[in-house]
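Chain by chain, the residues run as shown.
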Amino acid sequence: MSAGTRAPAAVSVLWLFAASACAARPPYQPPETGLPPAYKEAGNWKPAQPSDQTVRGEWWQIFHDEQLNALEERVSSSNQTLKSADAQFEQARALVRSARAGYAPQVTTAPAATAQNQSQNRPLRNRSAPTRFDDYFAPIDVSYEADLWQRVHETVRASEAAAAGSAADRENVGLSLHAELALDYFNLRRLDAEKQLLDSTVTAYERAFELTENRFKGGIAAGADVAQAETQLEQTRTQAIDVEIQRAQLEHAIAVLTGQPASTFTLAPAPLNVPPPPVPPGVPSDLLERRPDVAAAERRTLAANAQVGIRSAAFYPILTLTGATGLESSSIGTWLRGASSLWSIGPAAALTVFDGGRRRALSDQAKAAYDQSISDYRETVLNALREVEDNLAALRILGDEAQTQQAATTAAERSLELSTNRYKGGVVTYLEVIAAQSAALANERAAVDLQMRQLTTSVLLVKALGGTWTGASAP
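Residues numbered from 1 in each chain as written. Predicted model: local features only at pLDDT ≥ 70, side-chain atom pairs only at ≥ 80, totals over all residues. Heavy atoms only, no water.

Novice: What should I look at first to understand the pattern of salt bridges in this one?
Specialist: Side-chain pairing between opposite charges can occur once the charged atoms of the two side chains come close. Within the structure shown, the criterion is met by 22 salt bridges. Arg189 is paired through a salt bridge with Asp192; the nearest N and O atoms lie 2.7 Å apart. Linking Arg189 with Asp192, this pair stays in helix H4 (residues 151-217), spanning three residues, or about one helical turn. Given the relative accessible area of 6%, Asp192 is considered buried. (Salt bridge = Lys/Arg side-chain N within 4 Å of Asp/Glu carboxyl O. Helix = DSSP H or I, 4+ residues; strand = E, 2+ residues; numbered from the N terminus. Buried < 20%, exposed > 50% of the residue type's maximum accessible area, 1.4 Å probe, protein only.)

So this is what it looks like as structure tokens:
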């Protein structure tokens, strides 16, 4: 075979190697999830795809609470967990730049100036040769990996997908932290409302105790009535004091979320007067698309697919083009002359001939990891759908419950009024008044708790949907 025919044959062999290497990695497609056509608890929606480029915005503003808005802004600027996630994302971006450097040649140099003096008693020494000489050396080495089997390309692809997943993770951390702050804030305001309710109840019980004591002094009521009224009063005072423990803990938790020492952070008491925001009818599919954990899972699937390509490329030789040039001389005076120049150039190939099945095992491991990432992605989507359904159902049911609870609270207050009047008229004992007081207080506290549950469920729904209900696409 002549040299002219050998060259095209070699090119054909290389082309076949490249084609087989590319074929070793399955072409990537976002995994199918078999999503239903509609939510059970809401209107129709279209099948979702991850879209972490959507701006989530300041979703907490839907609650129209200025203090909550201010605290959420502190989370964005001062939360240390969020700063850690930012730094982790920057690491991932740096790794992308490192992987892309594989497309460019590597140029190195190692200049040296040495003076040597050889032993005169060394074996086989040439007696006429000098024992001392200098060496001035300034090399420049260039190497470039020809990416015939897409190893560098797949490495870049994997690092870019990992960085996109890291960005989605950072978004998920931010979403979780903002939601956690809102939940803590509404729980704290619930305790403020309970404290306000208990304090007003203590005032009412003080009047009832005073009435019973006066009736006892007038010989109308028994001493047992006075003791029962006092017991009810002191129990309620104890409950009002106990609320302060939970409130202090929530205040400290909010301090940490906003990046402040708990010792210097204070939130003034305020009642829970934020109405639950209405859920828009027919939640559109792009709300689910904004979930950052879904986007992160999909990016990791893409990265795992690229790892299959990297492992497949290991079966083929690494072709490196190398070259070197520089100047070398034994004298500084002749170092820069043309006669001191040197150079070399040529290709080099490295191929593992036998490794006991190590590459095959690593390739199988990469394929199994890719299959695992597909299952993880589908599981993430299923959990996302479940969370949305859970909270949509909870809001619907809590809305019905709030109506019945309001009726129960109104009835309990009317019963207390009737029992008090009957006691004043001497028709019943104070036991009936105590029972009515307990029922009225329990229903009022249940109403406050129900309002808080509606608010927290709204927060969880926003989180389940990936952010605000009015996000616009990012540029």
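That shown, we press on.
Novice: Where do I start with the packing of aromatic side chains in this structure?
Specialist: Considering all chains together, one arrives at five aromatic pairs under this definition. The structure contains a cluster of three or more aromatic residues connected by ring pairs, namely Phe63, Tyr185 and Phe186. One Lys or Arg, Arg215, reaches over the ring of Tyr423 and ends 4.6 Å from the middle of that ring. (Phe/Tyr/Trp six-rings, centres within 6.5 Å; stacked < 30°, edge-to-face > 60°. Lys NZ or Arg CZ within 6 Å of the ring centre and 35° of its normal.)

Novice: Please clarify how the side chain of Arg157 should be interpreted in this entry.
Specialist: With respect to the helices, strands and loops of the structure, Arg157 is situated in helix H4. A residue is classified by how much of its surface remains accessible, and Arg157, at 16% relative accessible area, is buried. Within polar-contact distance, the side chain of Arg157 engages the side chain of Asn305 at 2.9 Å. With sequence-adjacent residues up to four places away left out, Arg157 is seen in contact with Arg25, Tyr28, Leu302, Asn305 and Ala306. (Polar contact = N/O pair within 3.5 Å; in protein donor to acceptor, adjacent residues only side chain to side chain. Contact = heavy atoms within 4.5 Å.)

Novice: Would you mind showing me how to read the nonpolar core here?
Specialist: Among soluble globular proteins, nonpolar side chains are generally buried collectively. Counting 48 residues, the largest nonpolar core has Trp59, Phe63, Phe186 and Ile254 as its most contacted members. For this core, the elements supplying multiple residues, two or more each, are helix H2 (66-78), H4, helix H5 (223-257) and helix H9 (430-464). Sorting elements by how many residues they give to this core places H4 first, with 16 residues. Discounting chain neighbours no more than four positions away, the residues touching Ile254 are Leu71, Leu181, Asp184, Tyr185, Leu188, Phe265 and Leu267. (Core = buried A, V, L, I, M, F, W, Y, C linked by side-chain atoms within 4.5 Å.)

Novice: How do you make sense of the packing of H5 against H9 when you look at a structure like this?
Specialist: Axis angle and axis distance: for two packed helices, these are the angle between their axes and the distance between the axes, and together they describe the pair. It is the contact of H5 with H9, at a shortest axis distance of 9 Å, that shows an interaxial angle of 15 degrees. Considering their axes alone, H5 and H9 lie roughly parallel with respect to each other. The handedness of the crossing between H5 and H9 comes out as right-handed. Residues Asp225, Gln228, Ala229, Gln232, Thr236 and Gln239 of H5 lie in contact with H9, whose contacting residues are Tyr430, Leu431, Ile434, Gln437, Ser438, Leu441 and Arg445. In terms of residue class, the contact of H5 with H9 is built from five nonpolar, six polar and two charged. (Axes fitted to C-alpha atoms, helices over the stretch in contact; angles between N-to-C directions. Parallel < 35°, antiparallel > 145°, perpendicular 65-115°, else oblique. Left-handed = near helix turned anticlockwise from the far one by under 90°. Nonpolar A, V, L, I, M, F, W, Y, C, P; charged D, E, K, R; others polar.)

Novice: How should I be thinking about unusual backbone geometry in this particular structure?
Specialist: Generally, phi is negative for residues other than glycine and the peptide bonds are trans, each holding for most cases. For His64, which is not glycine, the phi dihedral falls at a positive 55 degrees. Tracing the sequence through the fold places His64 in the loop between helix H1 (3-24) and H2. Taking the relative accessible area as the measure of exposure, His64 reaches 68% and is therefore exposed.

Spatial relationships are all this shows, so hold off on functional conclusions.
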